[in-house]
Amino acid sequence: MSIAAAPVRSLRPGTVLADLIPASRVRDVALVVGGAALTGLAAQISVPVPGSPVPVSGQTFAALLVGTALGARRGFLALALYTVAGMAGVPWFAQATSGYGMPSFGYVLGMLLAATVVGALACRGADRSVLRTAGAMALGSALVYAVGVPYLALATGMTFGQAVAAGLTPFLVGDVLKAALAMGVLPAAWKLAGRKG
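Residues numbered from 1 in each chain as written. Predicted model: local features only at pLDDT ≥ 70, side-chain atom pairs only at ≥ 80, totals over all residues. Heavy atoms only, no water.

Trainee: Go over empty space enclosed by the protein, please, and point to the residues and values.
Mentor: Under the definition given, this model contains one cavity of 30 Å³ or more. When its volume is computed, the largest cavity comes out at roughly 50 Å³. Looking at the lining of the largest cavity, the elements with two or more residues in it are α2 (59–70), α5 (130–156) and α7 (172–193). Tallied by class, the residues present in the lining of the largest cavity amount to four nonpolar, two polar and two charged. (1 Å grid on protein atoms, 1.4 Å probe; cavity = no way out; pocket = protein on both sides within 12 Å on 5 of 7 lines; lining within 4 Å. Points joined across faces, edges and corners; volume = space filled by probe spheres on them. Helix = DSSP H or I, 4+ residues; strand = E, 2+ residues; numbered from the N terminus. Nonpolar A, V, L, I, M, F, W, Y, C, P; charged D, E, K, R; others polar.)

This is the structure in C-alpha cells:
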C-alpha cells in the first residue's frame, strides 16, 4: 500500500494562512507585531531611484504579503503599527527614515489600505491560485500608487504627470517581479499545508 500525500482538508470560509496556526490572543499579537517588523525590515532593502524621492524597496512586497497571509483585520493592524511607529520615530521606513513629512509617506498610507484589501481578498481565497494571487497583488499595488502618487505630487509641488513619471513608472518592472514571486509563494504555501478552501 503506497503512502499518499497529506489529505486535502476543507477550511471554514474566511481562513487565511495565519489561521493554520492554533488560535490564541498571543498568536494574533505576535502576528501583528511580526508583520510590522517584517515590513520594517523589508523596507531596508532599498535602492535610490535617480530623479525620484521614492526609492525601490521591499516594503510594498512585504506589506502585500503581510495583508494576504494575515487577513484584513490583522493585516490592517500590522500596517497600522508599522505606520504609527514610523511616524513616532522608529527608523524603519525605506532608507531607515521615519516621520510623516517625507514625500514618500503617501506610499506608506497606500500600503495600509492595500494590506487591508488584499487581506480581505485572501479571506475569499485570492491567495490559493496563481491567477487569483496575481489579481490580488495587482490590485494591492494599484492602491499603493493611488494614494502614493497624488501625495507625492502634493508634497513636492510636482504636476500629476511628473509624479507619475517619478513615483510610478520606474517601479512597474519591479512590481511585476514582486507579483511573480507572490504568485509562486502563496499558492505553494497552501499546497505545502495540504489544505484548500
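Trainee: I'd love a proper account of the confidence of the model for the protein chain, names of residues and values included.
Mentor: Of all residues in the protein chain, 92% have pLDDT values of 70 or greater, and the mean over the chain is 89. For the protein chain, the element scoring lowest by mean pLDDT is α7, at 85; helix α3 (residues 72–87) scores highest, at 97. Low pLDDT (under 50) marks residues 1–9, which in the prediction has seven contacts with non-local residues, meaning those over four places away or in another chain. (pLDDT = per-residue confidence, 0-100. Contact = heavy atoms within 4.5 Å.)

Trainee: Can you lay out the layout of surface pockets for me, pointing to particular residues and giving the numbers?
Mentor: The calculated volume of the largest pocket comes to roughly 220 Å³. Along its surface, the largest pocket is lined by 17 residues, and Val54, Pro55, Ser57, Thr60 and Phe171 are the ones closest to its centre. Of all the elements in the fold, those that place two or more residues in the lining of the largest pocket are β2 (56–57), α2, α4 (105–122), α5 and α7. Across the lining of the largest pocket, the residue classes tally to ten nonpolar, five polar and two charged.

Trainee: Quick rundown of the pattern of salt bridges? Include the residues and the values.
Mentor: On inspection of all chains with the given rule, the structure shows six salt bridges. Asp28 is the partner of Arg73 in a salt bridge, and the nearest nitrogen-oxygen pair spans 3.8 Å. With Arg73 in helix α3 and Asp28 in helix α1 (residues 25–43), this residue pair connects regions lying 45 residues apart in the sequence. The exposed category is assigned to Arg73, whose relative accessible area is 53%. Note that Arg128 is salt-bridged to Asp127, the shortest N-O span being 3.9 Å. One exposure class covers both Arg128 and Asp127, and it is buried. Connected through shared salt-bridge partners, Asp19, Arg27, Asp28, Arg73 and Arg74 make up one network. (Salt bridge = Lys/Arg side-chain N within 4 Å of Asp/Glu carboxyl O. Buried < 20%, exposed > 50% of the residue type's maximum accessible area, 1.4 Å probe, protein only.)

Trainee: Give me the environment of Met183: which residues, what numbers.
Mentor: Checked against the element boundaries, Met183 lands in helix α7. Note on Met183: relative accessible area 23%, which makes it partly exposed. Once the C-alpha coordinates of Met183 and Ala80 are considered, the two residues, 103 residues apart in sequence, prove to be 25 Å apart. Residues within four places of Met183 in sequence aside, it is in contact with Val130, Thr133 and Ala134.

Trainee: Explain a nonpolar patch on the surface to me, using residue names and the numbers behind them.
Mentor: On the surface, a nonpolar cluster with roughly 230 Å² of combined accessible area is contributed by Val29, Val33 and Leu81. Examined against the element boundaries, Val33 turns out to sit in helix α1. (Patch = residues over 30% accessible without salt bridge, like charges linked within 9 Å, V, L, I, M, F, W, Y side chains within 5 Å. Areas by Shrake-Rupley, 256 points an atom, 1.4 Å probe, with all protein chains shown as cover.)

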